[in-house]
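Tertiary structure, described
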Amino acid sequence: MNVIAIANQKGGVAKTTTAVNLGTALELSGKKVLLIDLDPQANMSSYLGFEDDDKETMSDLVMTAANNFTMGAQKRDMPVVGECIRHSEVNKVHYIPADIGLAYADACMMQAATRESVLKFILSDETVREYDYVIIDCLPSLGILLINALAAADGVIIPVQTQKFALDGLDMLGEIYNQVKSTINSKLDIIGVLPTMADNTNISRSIIEKLTERYGGKMFDTHIHKSVEAANSSERRKSLCLNKTKLGEEYRTLAVEVERRCKT
Ligand SMILES: Nc1ncnc2c1ncn2[C@@H]1O[C@H](COP(=O)(O)OP(=O)(O)OP(=O)(O)O)[C@@H](O)[C@H]1O
Ligand SMILES: [Mg+2]
């Protein structure tokens, strides 16, 4: 099992688009993939066609585990992780949805003794371990949920929108990454930095140059270009990789790179 966190605290850089389309591309290449929505906005869940059902979600898993990690708290029965896994018929991929309740996770985890390991504990479930890839769509924040994702992950993919201000905040993300790696998760690695929404402008080219100076071999060769296909795809709740689209092709190429990098 390979756990990949898609992270950048900057909003709107294509984390969710990357999680969904990398996930479906890997699944199409024959891998077993589980997508985890770790964002209270639940954009990934809606992209995958999730309709509210009465079953438990990521919020229930996180809140219950956090409660049970809290000293003195009355222990609650954990939801069965396998029962939280949904299947998107259209996108042919498994996922655990989120909902707005996850916004309270910070507060719930505050009291937990090992609050950074709540997600790691959830993902240690045997049904999860059967997947080749577990891909976590992180929220745009540097809070405890992000730290949980980095603590549970083998590697992180950092999508960077190749537009103005793109580099702001990458230092802070790097600092958190280093802290998690040096304290709770020494195996954590940067799988790659992914330029997204690239276009033919000088600013886009200059951001890619700066990223390459900074991250060198950690840069993915694949760049995701700017296209209205992305918005159409999430609107239709259908992965870019299911039809012949330019971005779908790019995400499939990315999947090949990810597989190669995860093996080495
Ligand atoms: N390659 C692309 N070209 C053009 N638009 C894109 C591309 N990728 C994503 N978008 C659009 O940009 C917006 C933000 O994308 P997305 O939701 O994937 O970002 P995010 O990083 O997950 O955002 P948040 O931080 O809010 O979770 C969406 O409207 C999406 O359709
Ligand atoms: Mg998102």
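Up top is the structure these notes are about.
A short tour of the structure in this document, coming up. (Residues numbered from 1 in each chain as written. Chains lettered and ligands numbered in written order. Predicted model: local features only at pLDDT ≥ 70, side-chain atom pairs only at ≥ 80, totals over all residues. Heavy atoms only, no water.)

A separate point is the site of ligand 1. Near ligand 1, the surroundings consist of 19 residues, among which Lys15, Thr16, Thr17, His225 and Ser227 are the closest. Between ligand 1 and Gly12, the relevant distance is 3.0 Å, taken from an oxygen atom to a main-chain nitrogen or oxygen of the residue. Within the backbone of Ala231, an N or O atom sits 3.5 Å from an oxygen atom of ligand 1. Look at ligand 1: alone it shows 630 Å² of surface, and the protein chains cover 80% of it. Put simply, ligand 1 lies in the largest pocket. Breaking the shell around ligand 1 down by element, the ones donating at least two residues are helix 1 (15-28) and helix 11 (229-236). Looking at the shell around ligand 1 residue by residue, the classes come out as eight nonpolar, seven polar and four charged. (Near = heavy atom within 4 Å. Polar contact = N/O pair within 3.5 Å; in protein donor to acceptor, adjacent residues only side chain to side chain. Areas by Shrake-Rupley, 256 points an atom, 1.4 Å probe, with all protein chains shown as cover. 1 Å grid on protein atoms, 1.4 Å probe; cavity = no way out; pocket = protein on both sides within 12 Å on 5 of 7 lines; lining within 4 Å. Sits in = over half its atoms within 2 Å of the grid points. Helix = DSSP H or I, 4+ residues; strand = E, 2+ residues; numbered from the N terminus. Nonpolar A, V, L, I, M, F, W, Y, C, P; charged D, E, K, R; others polar.)

Taking 1.5 Å of rise per residue, the 14 residues of helix 9 (residues 170-183) would be expected to cover 20 Å, and the 20 Å separating its terminal C-alpha atoms lies within 8% of that figure. In the core, the buried residues of helix 9 are packed alongside helix 8 (144-152), strand 6 (155-161), strand 7 (189-196) and helix 10 (202-215). (Expected span 1.5 Å × (residues − 1). Contact = heavy atoms within 4.5 Å.)

In this structure, Lys92 takes a positive phi of about 55 degrees despite not being glycine. Positioned with a positive phi, Phe165 is a non-glycine residue whose angle comes to about 65 degrees. Relative to the elements of secondary structure, Phe165 occurs in the loop between strand 6 and helix 9.

Okay, helix 12 (residues 246-263) next. With 18 residues, helix 12 extends 26 Å between its outermost C-alpha atoms, agreeing within 8% with the 26 Å of an ideal straight helix rising 1.5 Å per residue. Of the positions making up helix 12, those classed as buried are Leu247, Gly248, Glu250, Tyr251, Leu254, Ala255, Glu257, Val258, Glu259 and Cys262. One side-chain oxygen at the N-terminal end of helix 12 lies 2.9 Å from the backbone nitrogen of Gly248; it belongs to Thr245. (Buried < 20%, exposed > 50% of the residue type's maximum accessible area, 1.4 Å probe, protein only.)

What follows covers the pattern of salt bridges. Enumeration over the complete set of coordinates arrives at 10 salt bridges. Across the salt bridge formed by Arg86 and Asp53, the nearest N and O atoms sit 2.8 Å from each other. Separated by 33 residues along the polypeptide, Arg86 in strand 3 (residues 86-88) and Asp53 in the loop between helix 2 (43-47) and helix 3 (58-68) bring together distant segments of the chain. Residue classification places Asp53 among the partly exposed positions, given a relative accessible area of 25%. Across the pair Arg214 and Asp171 runs a salt bridge whose closest N-O atoms are separated by 2.6 Å. Here Arg214 is found in helix 10, whereas its partner Asp171 is found in helix 9, with 43 residues between them in sequence. Overall, Arg214 belongs to the partly exposed group, its relative accessible area being 37%. (Salt bridge = Lys/Arg side-chain N within 4 Å of Asp/Glu carboxyl O.)

Functional significance is not addressed by these values, which are geometric in nature.
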